[in-house]
Amino acid sequence: MEILIPLTFFAMIAAIVIGPRYLKSLERRKMAETLRAAIDKGQPLPPEVITMLTADAKPPASPQRDLRRGVILVAVALGLVVMGLLIGQGEPDATYPMIGVAAIPGFIGLALIAIAQLGKDRT
């Protein structure tokens, strides 16, 4: 029974990582089937569809995007710190490891905020 908690945690992480990729692949497969059917029927493809398929789906990096991601990561770090403090009420040995774990997204978030500030100065 004790093994269910770690397994659930890692299953959740796997679902968060794999789920969106799987859904995106389904979307691409459906788009390919639709395009194949249109080509088989002799329908011309609009230029917008072709540019959408060939364009990079990821938006270009920008200071605004870096700032947004940085703030989110700092908020996640603060949430982990609060969780560590609350868990520390019942289990004092858990406080510092949780704060250590919170440092990882916290420092990445601070770095992204700094990059966003440097990017604003250059534009």
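Anyway, here's the lowdown on the structure attached to this text. All figures in this text were calculated on a predicted structure; none of them were measured in a lab.

As for the overall build of the protein
In terms of regular secondary structure, the protein is built from four helices and zero strands. Going from N to C terminus, the protein has its helices and strands arranged as α-α-α-α. Relative to the globule expectation of 14 Å for 123 residues, the C-alpha radius of gyration of the protein, 22 Å, shows a markedly less compact shape. By its C-alpha atoms, the protein is 70 × 50 × 15 Å across when sized along the principal axes.

Quick look at helix α3 (residues 63-90)
For α3, which comprises 28 residues, the first-to-last C-alpha distance of 41 Å matches the rise-based estimate of 40 Å (1.5 Å per residue) to within 8%. Listed in full, the buried residues belonging to α3 are Arg65, Asp66, Gly70, Ala77, Gly84 and Gly88.

A short note on the packing of aromatic side chains
Per the stated rule, a full pass over the model turns up one aromatic pair. Seen from their ring centres, Phe9 and Phe10 are 5.3 Å apart, and the 70 degrees between their planes marks the pair as edge-to-face. Taking relative accessible area as the criterion, Phe9 reaches 43% and is therefore assigned partly exposed. Using a relative accessible area of 53% as the deciding quantity, one classes Phe10 as exposed.

A few points about the packing of α3 against helix α4 (residues 95-122)
Two elements in contact, α3 and α4, have axes separated by 7 Å at closest approach and are oriented at 165 degrees. With respect to their mutual orientation, α3 and α4 come out roughly antiparallel. Taken as a pair, α3 and α4 cross one another with a handedness that is left-handed. When the residues that make up the contact of α3 with α4 are grouped by side-chain class, the tally is 22 nonpolar, eight polar and three charged.

Observations regarding a nonpolar patch on the surface
A contiguous nonpolar surface patch, about 930 Å² in accessible area, is contributed by Phe9, Phe10, Met12, Ile13, Ile16, Val17, Ile18, Tyr22 and Leu23. Looking at the element boundaries, Met12 is found in helix α1 (residues 4-40).

A word on the environment of Pro44
Mapped onto the elements of the fold, Pro44 is located in the loop between α1 and α2 (47-54). When the C-alpha positions of Pro44 and Leu26 are compared, they lie 24 Å apart, and in sequence the two are 18 residues distant.

Conventions and cut-offs
- Residues numbered from 1 in each chain as written.
- Predicted model: local features only at pLDDT ≥ 70, side-chain atom pairs only at ≥ 80, totals over all residues.
- Heavy atoms only, no water.
- Helix = DSSP H or I, 4+ residues; strand = E, 2+ residues; numbered from the N terminus.
- Rg over C-alpha atoms; globule rule 2.2 N^0.38 Å.
- Expected span 1.5 Å × (residues − 1).
- Buried < 20%, exposed > 50% of the residue type's maximum accessible area, 1.4 Å probe, protein only.
- Phe/Tyr/Trp six-rings, centres within 6.5 Å; stacked < 30°, edge-to-face > 60°.
- Axes fitted to C-alpha atoms, helices over the stretch in contact; angles between N-to-C directions.
- Parallel < 35°, antiparallel > 145°, perpendicular 65-115°, else oblique.
- Left-handed = near helix turned anticlockwise from the far one by under 90°.
- Nonpolar A, V, L, I, M, F, W, Y, C, P; charged D, E, K, R; others polar.
- Patch = residues over 30% accessible without salt bridge, like charges linked within 9 Å, V, L, I, M, F, W, Y side chains within 5 Å.
- Areas by Shrake-Rupley, 256 points an atom, 1.4 Å probe, with all protein chains shown as cover.
- Salt bridge = Lys/Arg side-chain N within 4 Å of Asp/Glu carboxyl O.

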